[in-house]
Amino acid sequence: MADAAVACKQCGGTYLGSELADGDNEEERDCPKCHKAILFLVFESVDELAGHPDALSPSEREDFAERTDFVDRWTAGLLKSPKQLPDVKAKKFTLFWDADHDTQGIINRTRARVIWR
Ligand SMILES: [Zn+2]
């Protein structure tokens, strides 16, 4: 994008993507001279990419597959109901929030036992 030329219909100037000014939001780039919005960035959604694997290069397809696997595993491991948690009999306890250094997963535990992983 930084090397692409974009023409402004309002002032007639032609600018490189890197010369455009920030717009009113993250997706908009404005003419650096007259500040008219002249470029809108489009980001494909994950669903759109999943429906068009042919649009991806082999390495992008591999990255996308890894990301999809991660999201599937992450979604399957979500805490969705208190019924998934064990009963804690103590009247009062401290809940710790740790990271498992091997799996990068989050562990919620008391001093004595793991409550959720
Ligand atoms: Zn302009």
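Residues numbered from 1 in each chain as written. Predicted model: local features only at pLDDT ≥ 70, side-chain atom pairs only at ≥ 80, totals over all residues. Heavy atoms only, no water.

Remarks on the sheet that holds strand β3 (residues 21-22)
Thinking step 1. If you trace the three strands from one edge of the open sheet to the other, you get β3-β4-β5, paired in antiparallel fashion. The open sheet terminates on both sides in strands that have one partner only, identified here as β3 and β5 (37-40). (Pairing = 2+ DSSP bridges. Helix = DSSP H or I, 4+ residues; strand = E, 2+ residues; numbered from the N terminus.)

Section: the coordination of the zinc ion
Thinking step 1. Here the zinc ion is held by Cys8 (SG), Cys11 (SG), Cys31 (SG) and Cys34 (SG), and the distances to it run 2.3 Å.
Thinking step 2. Taken together, the four donor atoms coordinating the zinc ion and their angles of 102 to 124 degrees define a geometry best described as tetrahedral.
Thinking step 3. Sequence spacing among the residues donating to the zinc ion works out to C-x2-C-x19-C-x2-C. Here cysteine 11, found in the loop between β1 (5-7) and β2 (14-16), pairs with cysteine 34, found in the loop between β4 (28-30) and β5; they are 23 residues apart in sequence, far enough to count as distant.
Thinking step 4. Using a relative accessible area of 25% as the deciding quantity, one classes cysteine 34 as partly exposed. (Donors = N, O, S within 2.8 Å, 3.2 Å for Na, K, Ca; no water. Tetrahedral: all angles 85-135°; square planar, octahedral: opposite > 155°, others 65-115°. Buried < 20%, exposed > 50% of the residue type's maximum accessible area, 1.4 Å probe, protein only.)

Digging into a negative patch on the surface
Thinking step 1. Where like charges cluster on the molecular surface, the negative patch consists of Glu60, Glu62, Asp63, Glu66, Asp69 and Asp72.
Thinking step 2. Within the secondary structure layout, aspartate 69 lies in helix α2 (residues 58-76).
Thinking step 3. Residue classification places aspartate 69 among the partly exposed residues on the basis of a relative accessible area of 45%. (Patch = residues over 30% accessible without salt bridge, like charges linked within 9 Å, V, L, I, M, F, W, Y side chains within 5 Å. Areas by Shrake-Rupley, 256 points an atom, 1.4 Å probe, with all protein chains shown as cover. Salt bridge = Lys/Arg side-chain N within 4 Å of Asp/Glu carboxyl O. Lys, Arg positive; Asp, Glu negative; His and termini not counted. Charge placed at Lys NZ, Arg CZ, Asp CG, Glu CD.)

Quick word on the layout of surface pockets
Thinking step 1. Volume-wise, the largest pocket comes out at about 450 Å³.
Thinking step 2. Every residue lining the largest pocket is counted, 15 residues in all, and those nearest its centre are Trp74, Gly77, Gly105, Ile106 and Arg117.
Thinking step 3. Elements that contribute at least two residues to the lining of the largest pocket include exactly α2 and β7 (106-109).
Thinking step 4. Element by element, the count of residues in the lining of the largest pocket is highest for α2, at three residues. (1 Å grid on protein atoms, 1.4 Å probe; cavity = no way out; pocket = protein on both sides within 12 Å on 5 of 7 lines; lining within 4 Å. Points joined across faces, edges and corners; volume = space filled by probe spheres on them.)

Points about the pattern of salt bridges
Thinking step 1. Within the structure shown, the criterion is met by two salt bridges.
Thinking step 2. Ionic pairing is found between arginine 109 and aspartate 98, a salt bridge with its closest N-O pair at 2.8 Å. Separated by eleven residues along the polypeptide, arginine 109 in strand β7 and aspartate 98 in strand β6 (residues 96-99) bring together distant segments of the chain.
Thinking step 3. Under the relative-accessibility criterion, arginine 109 is labelled partly exposed at 26%.
Thinking step 4. Taking relative accessible area as the criterion, aspartate 98 reaches 28% and is therefore assigned partly exposed.
Thinking step 5. Across the pair aspartate 100 and arginine 117 runs a salt bridge, and its minimum N-O distance is 3.1 Å. Taken as a pair, aspartate 100 in the loop between β6 and β7 and arginine 117 in the segment after β8 (114-116) lie far apart in primary sequence, 17 residues in all.
Thinking step 6. Judged by relative accessible area, aspartate 100 falls into the buried class, the value being 16%.
Thinking step 7. Looking at arginine 117, the relative accessible area reads 57%, which means it is exposed.

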